[in-house]
Amino acid sequence: MSEYRYVAKGSILDGISIYRIDKNKNYAISTDLHKTYTPLADSSEIDDRTMEWLDNAYERTWGKKPEISEKPVITINDDDTGITKETFIQEILRIFDSSVEYNESEERLYSVKFDQTGTKKLVPFDLLVLRRLAKKLRYFGSLYEASKW
C-alpha cells in the first residue's frame with residue numbers, strides 16, 4: 001500500500017500541480033511532477049474541490065472503515081417445508097402459460113417450440129430455469145427428480 005495519495009490539478013498549458021496527502025493527513029504540493037514537494041502548513045491554500053478529493057482518498061485508504069452487518073438472503077427454519085411437487089408444477093404452468101406443457105405419463109415438463117413450417121415441437125424444459133424457479137418458489141425436492149423433467 002502506498003504511503004501517499006495524489007491529486008493532479010491544472011493543465012499542460014498552465015502547468016500541473018500535484019497535491020499529496022500522507023497517512024498523518026499532512027498535505028504537500030509539487031509543481032514539477034513529483035520531484036520536489038513543498039509542505040503546506042495551511043490547507044486553506046488548497047481549493048475546495050481538491051481538498052474534497054484528498055479527504056475522500058484519505059478516508060478510503062486510511063480512514064475508519066464502516067462495519068457491514070451480515071444479513072442472510074433467505075432464512076429456512078425447521079417448520080419451513082417448502083411447496084410440493086404438484087404445486088411447483090402448477091406454478092410453472094401458470095408462469096409460462098401456453099409455452100410449457102406437462103406430460104403426465106412421462107412426468108416431464110416440455111417447452112413448446114414451433115419450427116419454420118409452424119409445426120409444434122416439444123423440447124425438454126431448460127434445467128437451469130427449473131433450478132432457479134425451484135429456489136425462488138421454495139421447492140426443496142431432489143435435483144435428480146427435477147432433472148428428469
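Two elements in contact, helix α2 (residues 85-96) and helix α3 (residues 127-137), have axes separated by 11 Å at closest approach and are oriented at 115°. Taken together, the axis directions place α2 and α3 in an arrangement best described as roughly perpendicular. Along this stretch, α2 crosses α3, giving a crossing that reads as right-handed. Along the contact surface, α2 presents Phe88, Glu91, Ile92, Ile95 and Phe96, while α3 presents Val129, Leu130, Leu133, Ala134 and Leu137.

Right, let's get into the pattern of salt bridges. Considering all chains together, one arrives at five salt bridges under this definition. Between Glu52 and Arg49 there is a salt bridge, with its nearest N and O atoms 3.2 Å apart. Placement of the pair is Glu52 and Arg49 together in helix α1 (residues 48-61), with a separation of three residues, close to one helical turn. For Arg49, a relative accessible area of 43% gives the class partly exposed. Arg94 is the partner of Glu91 in a salt bridge, and the nearest nitrogen-oxygen pair spans 2.8 Å.

The full count for this structure, using the stated rule, is five aromatic pairs. Taken together, a centroid distance of 4.8 Å and an interplanar angle of 5° make the contact between Phe88 and Tyr139 stacked. A residue pair is termed long-range when its members are at least 10 positions apart, and Phe88 in helix α2 and Tyr139 in the loop between α3 and α4 (143-148) qualify at 51 residues. Here Arg20 stacks its cationic end above the ring of Tyr37, 4.1 Å away from the centre of that ring.

With that settled, the discussion passes to the sheet that holds strand β3 (residues 27-30). Here we have four strands laid out as an open sheet, ordered β1-β2-β3-β4, and antiparallel in their pairing. Each edge of the open sheet carries a strand with a single partner, namely β1 (4-11) and β4 (38-39). Two strands pair when backbone bridges link them, and strand β2 (residues 15-22) and β3 are joined in this way by four bridges, in the antiparallel orientation. Directly across from Tyr19, in β3, lies its bridge partner Ile29. Taken strand by strand, α1 contacts β1, β2 and β3, and its axis lies near 160° from that of β1.

What follows covers unusual backbone geometry. Excluding glycine, residues mostly carry a negative phi; peptide bonds, for their part, are mostly trans. Positioned with a positive phi, Lys25 is a non-glycine residue whose angle comes to about 65°. Tracing the backbone through its elements, the reader meets Lys25 in the loop between β2 and β3. For Asp97, which is not a glycine, the phi torsion comes out positive at approximately 55°. If you trace the backbone, Asp97 turns up in the loop between α2 and β5 (100-103).

Conventions and cut-offs
Residues numbered from 1 in each chain as written. Predicted model: local features only at pLDDT ≥ 70, side-chain atom pairs only at ≥ 80, totals over all residues. Heavy atoms only, no water. Axes fitted to C-alpha atoms, helices over the stretch in contact; angles between N-to-C directions. Helix = DSSP H or I, 4+ residues; strand = E, 2+ residues; numbered from the N terminus. Parallel < 35°, antiparallel > 145°, perpendicular 65-115°, else oblique. Left-handed = near helix turned anticlockwise from the far one by under 90°. Contact = heavy atoms within 4.5 Å. Salt bridge = Lys/Arg side-chain N within 4 Å of Asp/Glu carboxyl O. Buried < 20%, exposed > 50% of the residue type's maximum accessible area, 1.4 Å probe, protein only. Phe/Tyr/Trp six-rings, centres within 6.5 Å; stacked < 30°, edge-to-face > 60°. Lys NZ or Arg CZ within 6 Å of the ring centre and 35° of its normal. Pairing = 2+ DSSP bridges.

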